[in-house]
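One letter stands for each residue in the lines below.
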Amino acid sequence: MTDKKSFLKEKARQIRRHIITMTGAAGSGHPGGSLSIADIVAALYFEIMKHDPANPNWPERDRLVLSKGHAAPALYAALAEAGYFPVEKLVELRRLGSMLQGHPDMTSTPGVEASTGSLGQGLSIANGMALAGKLDGASWRVYVILGDGEIQEGQVWEAAMTSVHRGLDNLLAFVDYNGLQIDGTVTDVKSLGRVADRFASFGWHVLEIDGHDLDQILEADAKARETKGRPTLVVANTVKGKGVSFMEGKVDWHGVAPKPEQVEQALAELAN
Amino acid sequence: MTMLGKKIATREAYGDALVELGKENPNVVVLDADLSASTRTSKFAAQFPERFFQMGIAEQDMMGTAAGLAAAGKIPFASTFAMFATGRAYDQVRNSIGYPGLNVKIGATHAGVTVGEDGATHQALEDIALMRAIPGMTVIVPADYVEAVQAVKAAAAHVGPVYLRFTRGGVPVVFGDDYQFQLGKAALLRDGGDATIIACGVMVGAALEAAEALAGEGLSIRVLNMGTIKPLDGEAVIKAARETGAVVTAEEHSIIGGLGSAVAEVLGENCPVPMKRVGVPDVFGQSGGAGELLEHYGLTAANVAQRVREVVGRKA
Ligand SMILES: Cc1ncc(C[n+]2csc(CCOP(=O)(O)OP(=O)(O)O)c2C)c(N)n1
Ligand SMILES: [Mg+2]
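Residues numbered from 1 in each chain as written. Chains lettered and ligands numbered in written order. Predicted model: local features only at pLDDT ≥ 70, side-chain atom pairs only at ≥ 80, totals over all residues. Heavy atoms only, no water.

### Focus: the overall build of chain B
Now for step 1: A tally of helices and strands in chain B yields 13 helices and 14 strands.
Now for step 2: Its C-alpha atoms give chain B a radius of gyration of 19 Å, within 12% of the compact-globule value 20 Å for 316 residues.
Now for step 3: Based on the C-alpha atoms only, the size of chain B along its principal axes is roughly 60 × 40 × 35 Å.
Now for step 4: Contacts spanning at least 24 positions in sequence make up 79% of the contacts within chain B whose residues lie at least 6 apart.
Now for step 5: About 11200 Å² of surface is accessible on chain B, with carbon and sulfur atoms providing 51% of the total. (Helix = DSSP H or I, 4+ residues; strand = E, 2+ residues; numbered from the N terminus. Rg over C-alpha atoms; globule rule 2.2 N^0.38 Å. Contact = heavy atoms within 4.5 Å. Areas by Shrake-Rupley, 256 points an atom, 1.4 Å probe, with all protein chains shown as cover.)

### What about the domain arrangement of chain B?
All names here are of chain B.
Now for step 1: One can read the domain layout of chain B as domain 1 (7-172) and domain 2 (187-314).
Now for step 2: Just the C-alpha atoms count here: the centres of domain 1 and domain 2 sit 25 Å apart.
Now for step 3: Listed per partner, the contact involves 30 residues of domain 1 and 33 residues of domain 2.
Now for step 4: Its largest share of buried area at the contact with domain 2, domain 1 owes to V113, L125 and R132, together 31% of the area lost on that side.
Now for step 5: Taken together, the connections running from domain 1 to domain 2 amount to one salt bridge.
Now for step 6: With a closest N to O distance of 2.9 Å, E265 and R132 form a salt bridge.
Now for step 7: Applying the counting criterion to the domain 1 and domain 2 interface returns 19 residue pairs in polar contact (both at pLDDT 80 or more).
Now for step 8: Elements with a minimum of two residues in the side of domain 1 that touches domain 2: α7 (127-132) and β6 (138-140).
Now for step 9: The residue makeup of the side of domain 1 that touches domain 2, split by class, is 15 nonpolar, eight polar and seven charged. (Domains from an automatic or database assignment. Buried area = accessible area lost by both parts, 1.4 Å probe. Salt bridge = Lys/Arg side-chain N within 4 Å of Asp/Glu carboxyl O. Polar contact = N/O pair within 3.5 Å; in protein donor to acceptor, adjacent residues only side chain to side chain. Nonpolar A, V, L, I, M, F, W, Y, C, P; charged D, E, K, R; others polar.)

### Quick look at the site of ligand 1
All names here are of chain A.
Now for step 1: Surveying the vicinity of ligand 1 reveals 18 residues, the closest of which are K68, H70, D148, L180 and K240.
Now for step 2: L119 is positioned with one of its backbone polar atoms (N or O) 3.0 Å from a nitrogen atom of ligand 1.
Now for step 3: In this structure, an oxygen atom belonging to ligand 1 sits 2.8 Å away from a main-chain N or O atom of L180.
Now for step 4: Tallied by class, residues from the shell around ligand 1 come to three nonpolar, nine polar and six charged. (Near = heavy atom within 4 Å.)

### Side note on the coordination of the magnesium ion (ligand 2)
Residue and element names in this part refer to chain A.
Now for step 1: Here the magnesium ion (ligand 2) is held by D148 (OD), N178 (OD1) and L180 (O), and the distances to it run 2.0 to 2.1 Å.
Now for step 2: Taken in sequence order, the residues that donate to the magnesium ion (ligand 2) follow the motif D-x29-N-x1-L. Highlighted residues: D148 in the loop between β2 (142-147) and α6 (154-165) and N178 in the loop between β3 (171-177) and α7 (186-190), separated in sequence by 30 residues. (Donors = N, O, S within 2.8 Å, 3.2 Å for Na, K, Ca; no water.)

### Here's the deal with the sheet that holds strand β7 (residues 162-165) of chain B
All names here are of chain B.
Now for step 1: The seven strands are arranged β3-β2-β4-β5-β7-β6-β12 in an open sheet whose pairing can be described as mixed. The sheet is open, and its two edges are formed by β3 (52-54) and β12 (228-230), each paired on a single side. This sheet shows a mean twist of 20° between the axes of neighbouring strands, independent of strand direction.
Now for step 2: One ladder, built from three bridges, connects strand β2 (residues 28-32) with β3; its direction is parallel. Bridging from a neighbouring strand, D32 pairs with Q54 of β3. (Pairing = 2+ DSSP bridges. Axes fitted to C-alpha atoms, helices over the stretch in contact; angles between N-to-C directions.)

### Points about the interface of chain A and chain B
Now for step 1: Taken together, the contact pairs 23 residues of chain A with 26 residues of chain B.
Now for step 2: In this assembly, chain A packs against chain B so that about 1900 Å² is buried in total across both faces, 56% of it on carbon and sulfur atoms.
Now for step 3: Three residues, Q121, L135 and E158 of chain A, lead the burial of chain A against chain B; their summed loss comes to 25% of the area buried on that side.
Now for step 4: The interface formed by chain A and chain B holds one salt bridge in total.
Now for step 5: Salt-bridge contacts for D136 of chain A lead to K74 of chain B; the nearest nitrogen and oxygen are separated by 2.5 Å.

### Concerning the packing of helix α3 (residues 38-48) of chain A against helix α4 (residues 72-82) of chain A
All names here are of chain A.
Now for step 1: Running from amino to carboxyl end, α3 crosses α4 at an angle of 30°, the nearest separation of the two axes being 10 Å. With respect to their mutual orientation, α3 and α4 come out roughly parallel. You can see that α3 and α4 cross each other, and the crossing is right-handed. Contacts between α3 and α4 involve V41, Y45 and F46 from the first element and A74, L75, A78, L79, E81 and A82 from the second.
Now for step 2: Among the residues forming the contact of α3 with α4, the class breakdown is eight nonpolar, no polar and one charged. (Parallel < 35°, antiparallel > 145°, perpendicular 65-115°, else oblique. Left-handed = near helix turned anticlockwise from the far one by under 90°.)

### Observations concerning helix α13 (residues 301-314) of chain B
Now for step 1: Across its 14 residues, α13 of chain B extends 20 Å between first and last C-alpha, which sits within 8% of the 20 Å expected from 1.5 Å per residue.
Now for step 2: Each element contacted by the buried residues of α13 of chain B is listed here: β10 (195-199), α9 (203-215), β11 (221-225), β13 (247-254) and β14 (275-280) of chain B. (Expected span 1.5 Å × (residues − 1).)

### Observations regarding the packing of aromatic side chains
All names here are of chain A.
Now for step 1: With the rule as written, the count across this model stands at ten aromatic pairs over all chains.
Now for step 2: Ring plane angle 35° and centroid distance 4.4 Å describe the contact between W157 and F199, whose orientation is recorded as tilted. Of this pair, W157 sits in helix α6 while F199 sits in helix α8 (residues 195-201), placing them 42 residues apart in sequence. Grouping residues by exposure puts W157 and F199 together as buried. (Phe/Tyr/Trp six-rings, centres within 6.5 Å; stacked < 30°, edge-to-face > 60°. Buried < 20%, exposed > 50% of the residue type's maximum accessible area, 1.4 Å probe, protein only.)

### Brief notes about the confidence of the model for chain B
Now for step 1: This prediction gives chain B a mean pLDDT of 97; 100% of its residues lie at or above 70.
Now for step 2: Two numbers describe this predicted complex: its pTM, 0.96, and its ipTM, 0.94. (pLDDT = per-residue confidence, 0-100.)

### A word on unusual backbone geometry
Residues and elements named next belong to chain B.
Now for step 1: At the junction of K230 and P231, the peptide bond is cis and its omega measures out at 0° in the coordinates.
Now for step 2: Its identity as a non-glycine residue notwithstanding, H110 has a phi of 60°, on the positive side.
Now for step 3: Tracing the chain through its elements places H110 in the loop between β5 (105-109) and α7.

What follows is the structure in structure tokens.
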């Protein structure tokens, strides 16, 4: 394994540990969909994105919009690991007065770029940022992470048209394809069929990857950068709850926090 | 060159002011949802095509895109009919714009029953209520062209989300060239001691007319133009109640949640006096001519005058 890859793997592992600790301490939250994006978030903050934790408002930074805002623990963990704020803060998740709100709040947390949580809104916000970047002739890029259930929202498809119509090649959208939402599998609740085909038919440059394979994530970003005139959508095949045996693939772990003994077991599994 | 007395829609002011802003500030951008001819943003689009974003019939996406533009330093004016800006896209306005306090201006035209023949689906009568309930949202309802131009500029200068409400139809110009719109301040248009009419939008003209008629009956009526509904100039409201002892509000909006409610909230807590709200009662609008509809729902100088007589009669 290359140094870079082992470094990113280690970051993803730390992020997963934080997700467990934070949600355990909070007694609520969304571990499943946070764990499924841990590798993508690690790759973004520790390799792909140009950013400066000491200067969160640096105008030239790349931006991530976490459209599936309930996965905030993954974002907060990455931001803390990157140095935006001390990791000790993470256990304050969801407490009264905390800078770490239950869903991302750009006014409370340094490094959070958009306030999300009401699903379906992040791609529009990311489009707006990407448009501003184009207007300014800037080189910074915009990333967005959508849920596979979230894309049932109509606004996502309004936004999907906008990204293509405006030729936003400075935008990369991930769909965290973990196959689960709250009431069951995405297939059972309301199937979109092949998500890759749907976005391709809207004119997107579409890639499909294993969302837990760091090489594939980095490669997808490289391909997106080479693609001119249209946005790139990456269908990231993932496992909800990834990394914690008793959470993997279980719809029940969408929005339930682990109990103390479960925290212990999960951390043991994530020990190395 | 004064425009006094001329009838002109406040949406014209929106279009004209945007063009002026476009010249002054390169960060001003305009979005529209397939209504640019109606909202008059087409004027901006013609002059600054690279800063005009046609979003198609997708109001939710438009609001989100405006949020993203604002997050990256632009001053976006998101434009559509009041109905769709506040109804279709409420969640986006609340969560993507209001909650983070982003610097988005919402230019909402075709508000109220004066939309006319298109009927109830196009006549927003609860938009002020919805926008007023969002923390940090500034809500402006200009009374005429003169005030509207200034209000658009004040909105651009203000940092934070602003909701601007414009009419489709012509409204008589009531302000001279010397008028100065002040965000968050009521404008005293006529002083008096027997009662106060607090009005906004198209009802300001009716309020002045009512006061004039009542003067003939020996009643001296104060008239306040409440161009900013939020933050409300509570001081002017309380002062009016203390000094005149009775208040009538007048607005082209539901009597639930709009200017009348805002004034009632202040009076109820600080200085209860006999009060009456003139507005659309708790019903949907309907098709008809703008003038006919104003008449039908009692949005007239005669009805305002009648309500003033009633509250004056209730004074202790
Ligand atoms: C507009 C909106 N409707 C409903 C919800 C409640 N909700 C939160 S998460 C969720 C399921 C999301 O599923 P998915 O996008 O697949 O997320 P993931 O599996 O990655 O956790 C729902 C319905 C919401 N937050 N926003
Ligand atoms: Mg899912």
